[in-house]
Amino acid sequence: MDALDELLGPPVDLEDESDSSDNSSRKRHKSKLPLAKPLCAEGQTESGFHKTCRTCLEHIREAMLHHRWQEAAEYMVSYTQVLEDRNKGRALPNKELIWRISTEILHHLSHSTVKDYNIIYERMKHSGVKHYLMICLEHSFHLMLHGQIEGAKQQLSVAESWRHGKVSSSQHQRHKLIQAYRSLLDYMIWCDKKSTLSTNNFVFDSDNQAMHTYFRHASVNLQDILKNPGIWDPFILCYVEMLEFYGDNEEALKVLNDYAYDNSFPPNPNAQVYVYQFLKRHNAPEKKLIKVLRNLQILVPSHELMLEYSYLLLQSEKTSDTEKALGVLLEMLDFACWRSNLDVWTCLKAVTHQLLLREDGEMTVCKHMTLRKDWWPALHFTSFHAEKDREESSKLLEVKASLAEILCPGRALKYTADEMPT
Amino acid sequence: MLLLTFQGHLTSTDPLDFLTHMQNFFMDNGPDAFGCMSEILGDNFYFRKAKTKEKYRQQSVNMWKTKSYVDLLKYKICPMTYRSKSLNKYCSLLSDVIHDIPPELLGSLLYEELVEQSDRAQFFEGATGGALAFVPFSQSEGCLLYPGGPGMDRLNFHKVALQHPGERPPCLDASGSAPASFQLKAAIRQISCGSLFGDCCVAVRSDHLCGVWRFSERREPSLLQVVSTPAAATCVSVSPHVLGEVLVASESGAAHLWRVGRGMQRVRAEESNLYFNAKSSWRWCEFSAHPRVMLYADKTGAELTDFRVKAAMSAGHTLFRISSTADCQSGERLLLCRYLGDAHAFHHLVTTQHSAYIMDERFPCTPMLKWDHMMQAPPLFCHVEPDRAAGGTTKVLLGSQSSQEITLLQYSGGRVEACCSRGSPQVLLRPTDSLGRLPPQIPHRQKPAADRLASPAAGLTGFQVRDRLCVLQLTEAGDVFYQTMERRRRGGEPPEAPEAASDLRPPDVMETSPWRHAHLRPAVCDTWSDEDVIGPTQAPGAQTVVPETPEREESGERGRLQVFINDGTEEASGGGEEAAERREAPVTASSRTLHTWKVWLQKLRQARQEAAHGAPRFSVQTRGLLHASDGDAGGEELRRRLKRRMWSRSLLLGTAAAVDPVPVPPLVDAEAWTDPVSARLTVAWRGEDEWRAWWQDRQGLNRTTKMEALRRKRRREKEARRAARGHMELTGSFTSSVSYQTELDELSGSTGWSSAASQGAWSDGELAALLEGDHAAAAPHDEDVPPLTATPQKEPPSRPTTPQTPTANQRRGRPGWLYETQDGPSQSSGPPLRPVASSSSSQLPGSQPASLRPTFSSLGDSQFLSPIRASQSQRGPSQSSQPKKKKSRMGF
């Protein structure tokens, strides 16, 4: 009873303000860097109740950080009493704390069941309105993880129709997420239906109808959501797949183009890749492909599609395209991940040979190499590189050695295809 | 400030303690503080007894009384009892002329210095990056780079070998060779290493000097070049692409590309902070996937800068920005960047006080992954160990300075799959923790050892050998500690979880994976675990190897352990000749570990003793202090017996030799005296308040207040009951695996409600008792002891008592599994199917995963409105009016 008495007594409410503002009679010097707030800060005037809670929380923290989940669960049994704290400032953070800690512990207990999760989620959902949407979302993720797609969808539908008070900006954002995920689940069910339809040759009309309903549900939401600037990669893929299934290629391309080229969206190289893949699927002319790839090259010069880009450039008749291909390949080779890639080096060899057939070819190569000449030898053509390439791929060694002289003329390079005298 | 070196042992750096520091200075270093004036005034004062004065100094003032008073000041005395009028007079006469340094000036300087020191103690950004590095040569050999010497100004290159003696935990052996060392001019703040084809380039940073060494397995380290920076250097970073290229950033805001032997090139200059004014001149540079693009960071964010564009006009692409990254907290600052070239060519690690981010430079401003690292002190050191085997995890170790924390975060993905964190943050052992795992020490040795171990961390590194991860940590005292962690295999469980494809995992990593099949486990010589007798060496089989060996890394022969004792620390260590025999008590650590610790502690003690020799010590003569008088035969006898008892470790109880016991008078039974006078007397003994209350009670003056109190009490009990019932349900999910659905079914039955009611009424105390296995105490509770939260009014009078027994049994059954060790395979579900394309972000802006969001650190958020207690308050009245009806657990 002691703890309760103290808890209900009047002075407790004031305590929080007093200990946070001024710690002691003399003010402590404040650090320049705002440090993370300690989780278990000791208050100056602290009731027994708060002290027990704090100590318990410390133990839980310690146990969780050392992955002693069983121990943490045992402490957690007692820690729920913190919900009795009537202090308005603390109640909400406490609820969040309980929610997060509990689910985290349950994740790691081998004998936790879905029912346990449900209890926590449902209870916490209703005890703090502020967290309702977040908990709903997490709950549905949990259900998804356990394969209960329908259950997850139901959770999201409930959350979708939930309103409370004024819609704050964060609430608005969460609503959108919830909508997006609900559409994603619609899509998944649609996929299921589609696969059953394709296996059964005999098609019931009602099944078909249901599938269309899911498509409609998903597409209405997704269309709406994809207008908001953001990164919606998984969602847009679903949407495009559904549109393509129903043959609405124009709409699909429009959606993808909007996603890739709208300036209000954050720069997203994936969006360009999606456009490219879409165009390729539908056998678009090379010109269009090259255009998309040129945009992608500006964003990510190291992308793996650049190899394809250079092939395309090489195939085109224009002379300036060969030069472009040289630039693309050299830029690829700047990056660590392509340095020992045989394909890129072979392609580079083809490009330089094609260029050298022309009279100003040497000049062109030189022009591209001026910026690189002081660090390329160290980056590609040292004796260490030669040794390593010899061990790993003699083909690469051959290609690189033949290019060394062309790319870095006049430098005494130690990179040769001959065996080093050791 | 010079004088602080005298006060080496004064640990307090509270700036407001400057008066104490000044006092100490005046007391301990009088000649320095008052030198000039004492020369001038010296002739006029005479400090000896008055007798001989006449002979020598006719003119001087006799001061011996004042002096004896001043001598007293060394001790703690009461200023009111001891006061000297003459001293006060002298004080007002001379106080403004006697100091060599005006006290106002001294005070303000001292205050400034203390402010800086206390800042440094909390967080010293100069140490960012850490001064410890390990360069592996082969599977079992490598070179450890660490600073040594009393000022941490000696750079050591030390070849170490990793030994795997069978099943025992691996250990580092540094005894093979002496380190190659270089004496530098200033303390080493950071060591950065880059190796290419076995050739290694090492950049070392001290405050104003940076140097580059080169070495390889066969080649002895040699110094290539040293540069000095006009402003304090804050970062050096060795290029992973081209050997001999180093980035240097300094507090002036400039970043230079230093091509060793070929000069410096300024690649970026900033007057101010990047995105907003963070009042910090700390800068950081890292290379990126392109050898001519660098990451330039300060406290507000990080930008990618291309060198090839002229420094003046390069704007840079924002990679990370504090204010625009979703879910940044106010006051959050960037603390450390690291290019993760080994793990992924385009990934960068960015840490703040609260979180750690994985950023992809192709996808700026969108974190691929975000963790809350849960560290109390800001992380300043990091080490990243890429996944060697397919399906493994990339391990990120974050180390903090003041609290020595090391946190291990793991993630996978980043290429075909989206980044995904694996498991929750795990804390590794700290040097401070290790003393508790060793055999106990004598207190006066425990203290210095603990102090030494608690010195802040100064570096962190690690390396992976097969399934083992070895983590090394450097402290500011110059010690290097290591621990090895082993991948734990779950016995009997196939490495891949069976049910796979049906699971969908949303790109937001909302839940830390409960399904990882193998994880790292710290080497724990746990004292908490049930089998704490099992040392790491005797771990049963290959299943759960528990190899925690916090060991002191020894360098060279053991004589050269870096136990440097700073001269300032002089604590009287009263005679300590006992050798450390008591150590062989077999406990948790392996014998080898124990031996290493023993040697370390001995070294520490020796060094302390050597250091302490010079300083005079205050000693008290204790001989004969407890000496019994010789003639006392009885005393002699007593002493002999006492000795014998001590020998046999038993109590010496009163015998014939003891004094005859005086019989205790019988207790007065106050209850037996019922007349008013006796009652009044009894109450009067309990104090005046009691007596007054009794009197008022008797007069009937306090009826109304009593009624009020009773009413209040009832109300409180009601509320308590309601609240208790609420959290019981939550508790239930931890204590019981009984589904709530079945309980609902039970509730509809006739006996069901009582079981639930009794569950509601179970107080925490009883639960705790149950959890401790105190069944006997807990079971009959309902009958005789009223539970803490339940009250008599609450219980319906007709409550059947029989159904309680099954409940008790049911409860009693639980602690059994609560105490099961968690060996069983954890919940497993298959690898997730993700609808995420390659290199796509794992998160959406604004949708930072909730589970990664603060559980611990975000509590202070003030954004929450006052909670609406809809559930509880609605439920309340209906229940209190009809206690028999139980509602379902979740229905509101």
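For chain A, the name recorded in an unreviewed UniProt entry is TATA box binding protein (TBP)-associated factor, RNA polymerase I, A, with Fundulus heteroclitus as its organism.

*Asks:* Which residues make up the overall build of chain B, and what values go with them?
*Replies:* A tally of regular secondary structure across chain B gives 20 helices and 33 strands. A total of 892 residues make up chain B; the buried ones form 50% of that total. Residue pairs in contact within chain B that sit at least 24 positions apart in sequence constitute 58% of those at least 6 positions apart. Carbon and sulfur atoms make up 55% of the accessible area of chain B, which amounts to about 43,900 Å² in all.

*Asks:* Give a description of a nonpolar patch on the surface that names residues and reports values.
*Replies:* Residues and elements named next belong to chain B. A surface patch of nonpolar side chains, about 350 Å² in accessible area, is lined by Leu638, Leu642, Met646 and Leu652. By the secondary structure assignment, Leu638 is in helix H10 (residues 633-648). We classify Leu638 as partly exposed; its relative accessible area is 41%.

*Asks:* Describe the sheet that holds strand E11 (residues 222-228) of chain B, with residues and values.
*Replies:* All names here are of chain B. Overall, antiparallel pairing links the four strands, which are arranged E8-E9-E10-E11 in an open sheet. Every other strand in the sheet has two partners, leaving strand E8 (190-196) and E11 as the edge strands with one partner each. Strand-to-strand twist in this sheet, taken as the mean axis angle between neighbours without regard to direction, amounts to 15°. Note that strand E10 (residues 209-216) and E11 share six bridges and pair antiparallel. When the sheet's bridge partners are listed, Trp213 is paired in E11 with Leu223.

*Asks:* Could you give me a rundown of the packing of helix H9 (residues 169-199) of chain A against helix H11 (residues 233-245) of chain A, with the residues and numbers involved?
*Replies:* All names here are of chain A. It is the contact of H9 with H11, at a shortest axis distance of 10 Å, that shows an interaxial angle of 40°. Classified by the angle between their axes, H9 and H11 sit oblique to one another. Here H9 and H11 pass one another in a crossing that is left-handed. On H11, the residues that touch Ala180, Tyr181, Leu184, Tyr187, Trp190, Cys191 and Lys194 of H9 are Pro234, Phe235, Cys238, Glu241, Met242 and Phe245.

*Asks:* For the environment of Ile135(A), give the residues involved together with the corresponding values.
*Replies:* Residues and elements named next belong to chain A. Looking at the secondary structure, you find Ile135 in helix H7 (residues 132-145). Of the residues examined, Ile135 reaches a relative accessible area of 0% and is grouped as buried. Each C-alpha atom of the pair Ile135 and Ile120 lies 9.8 Å from the other, and the pair is 15 residues apart in sequence.

*Asks:* Would you mind going over a positive patch on the surface in detail, with residue names and values included?
*Replies:* Residue and element names in this part refer to chain A. A contiguous patch of positive charge on the surface is contributed by Lys287, Lys288, Lys291, Arg294 and Lys318. One can find Lys287 in helix H14 (residues 286-299). Accessibility expressed as a relative area gives 72% for Lys287, which makes it exposed.

*Asks:* Which residues make up helix H16 (residues 319-334) of chain A, and what are the values?
*Replies:* An α-helical turn contains 3.6 residues, so any two residues separated by three or four positions project in the same direction. The end-to-end C-alpha distance of H16(A) is 24 Å, a good match for the 22 Å that 16 residues give at a rise of 1.5 Å each. Taken together, the buried residues of H16(A) touch H14, helix H15 (305-315), helix H17 (342-356), helix H18 (361-369), helix H19 (376-380) and helix H21 (394-407) of chain A.

*Asks:* I'd love a proper account of the side chain of Ser206(B), names of residues and values included.
*Replies:* Here Ser206(B) is to be found in the loop between strand E9 (199-205) and E10. Beyond its immediate stretch of four places on either side in the chain, Ser206(B) contacts Ala186(B), Ala187(B), Ile188(B), Arg189(B) and Ala233(B).

*Asks:* Describe the packing of aromatic side chains, with residues and values.
*Replies:* Here the structure, examined in full by the defined rule, presents 31 aromatic pairs over all chains. Taken together, a centroid distance of 5.2 Å and an interplanar angle of 90° make the contact between Trp190(A) and Phe245(A) edge-to-face. Within this pair, whereas Trp190(A) is found in helix H9, its partner Phe245(A) is found in helix H11, the two being separated by 55 residues in sequence. Looking at Trp190(A), the relative accessible area reads 0%, which means it is buried. For Phe245(A), a relative accessible area of 41% puts it in the partly exposed group. Stacked on the ring of Trp282(B), the Lys or Arg Lys299(B) has its end atom at 4.0 Å from the ring centre. In this arrangement the basic side chain of Arg362(B) is found over the ring face of Phe346(B), its NZ or CZ atom lying 4.3 Å from the centre.

*Asks:* Just give me the short version of the pattern of salt bridges, but keep the residues and values in it.
*Replies:* This model, assessed by the stated rule, comprises 37 salt bridges over all chains. For Glu58(A), the salt bridge identified is with Arg54(A), shortest N-O distance 3.3 Å. Of this pair, Glu58(A) and Arg54(A) both sit in helix H3 (residues 48-65), four residues apart, roughly one helical turn. Residue class for Glu58(A) comes out partly exposed when judged on its relative accessible area of 33%. Arg54(A) sits in the buried class, given a relative accessible area of 12%. One salt bridge in this structure joins Arg214(B) and Asp199(B), with 2.4 Å as the shortest N-O distance. Linking Arg214(B) in strand E10 with Asp199(B) in strand E9, this pair joins segments that are 15 residues apart in sequence. Connected via shared salt-bridge partners are Lys153(A), Glu160(A), Arg182(A) and Asp186(A).

*Asks:* Please set out the pairing of strand E16 (residues 283-287) of chain B residue by residue, giving values where relevant.
*Replies:* Residues and elements named next belong to chain B. Counting buried residues along E16, five of its five residues qualify, which places the element largely inside the surrounding structure. The two faces of E16 match: Arg283, Cys285 and Phe287 on one face and Trp284 and Glu286 on the other face are all buried. Pairing of E16 with strand E17 (residues 293-298) involves five bridges; the strand directions are antiparallel. Following the sheet pairing, Phe287 is matched in E17 by Met294. Between E16 and E17, which pair antiparallel and follow one another directly, the connecting turn spans five residues.

*Asks:* Break down the sheet that holds E17(B) for me, with residues and values.
*Replies:* All names here are of chain B. In space, the four strands of this open sheet follow the order E16-E17-E18-E19, with antiparallel pairing throughout. Strands at the two margins of the open sheet, each flanked by one partner only, are E16 and strand E19 (317-321). Taking each pair of neighbouring strands and ignoring which way they run, the sheet shows an average axis angle of 25°.

*Asks:* Mind laying out H14(A), listing which residues take part and the relevant values?
*Replies:* All names here are of chain A. Between its terminal C-alpha atoms H14 stretches 20 Å, which fits the 20 Å expected from 14 residues at 1.5 Å a residue. Taken residue by residue, H14 has Leu289, Ile290, Val292, Leu293, Leu296 and Gln297 as its buried positions. Taken end-on, H14 shows its buried residues confined to a sector of 165°, consistent with a single buried face. The exposed residues of H14 that point more than 90 degrees off its buried face are Lys287, Lys291 and Ile298.

What counts and how
- Residues numbered from 1 in each chain as written.
- Chains lettered and ligands numbered in written order.
- Predicted model: local features only at pLDDT ≥ 70, side-chain atom pairs only at ≥ 80, totals over all residues.
- Heavy atoms only, no water.
- Helix = DSSP H or I, 4+ residues; strand = E, 2+ residues; numbered from the N terminus.
- Buried < 20%, exposed > 50% of the residue type's maximum accessible area, 1.4 Å probe, protein only.
- Contact = heavy atoms within 4.5 Å.
- Areas by Shrake-Rupley, 256 points an atom, 1.4 Å probe, with all protein chains shown as cover.
- Patch = residues over 30% accessible without salt bridge, like charges linked within 9 Å, V, L, I, M, F, W, Y side chains within 5 Å.
- Salt bridge = Lys/Arg side-chain N within 4 Å of Asp/Glu carboxyl O.
- Pairing = 2+ DSSP bridges.
- Axes fitted to C-alpha atoms, helices over the stretch in contact; angles between N-to-C directions.
- Parallel < 35°, antiparallel > 145°, perpendicular 65-115°, else oblique.
- Left-handed = near helix turned anticlockwise from the far one by under 90°.
- Lys, Arg positive; Asp, Glu negative; His and termini not counted.
- Charge placed at Lys NZ, Arg CZ, Asp CG, Glu CD.
- Expected span 1.5 Å × (residues − 1).
- Phe/Tyr/Trp six-rings, centres within 6.5 Å; stacked < 30°, edge-to-face > 60°.
- Lys NZ or Arg CZ within 6 Å of the ring centre and 35° of its normal.
- Arc of directions from axis to C-beta.

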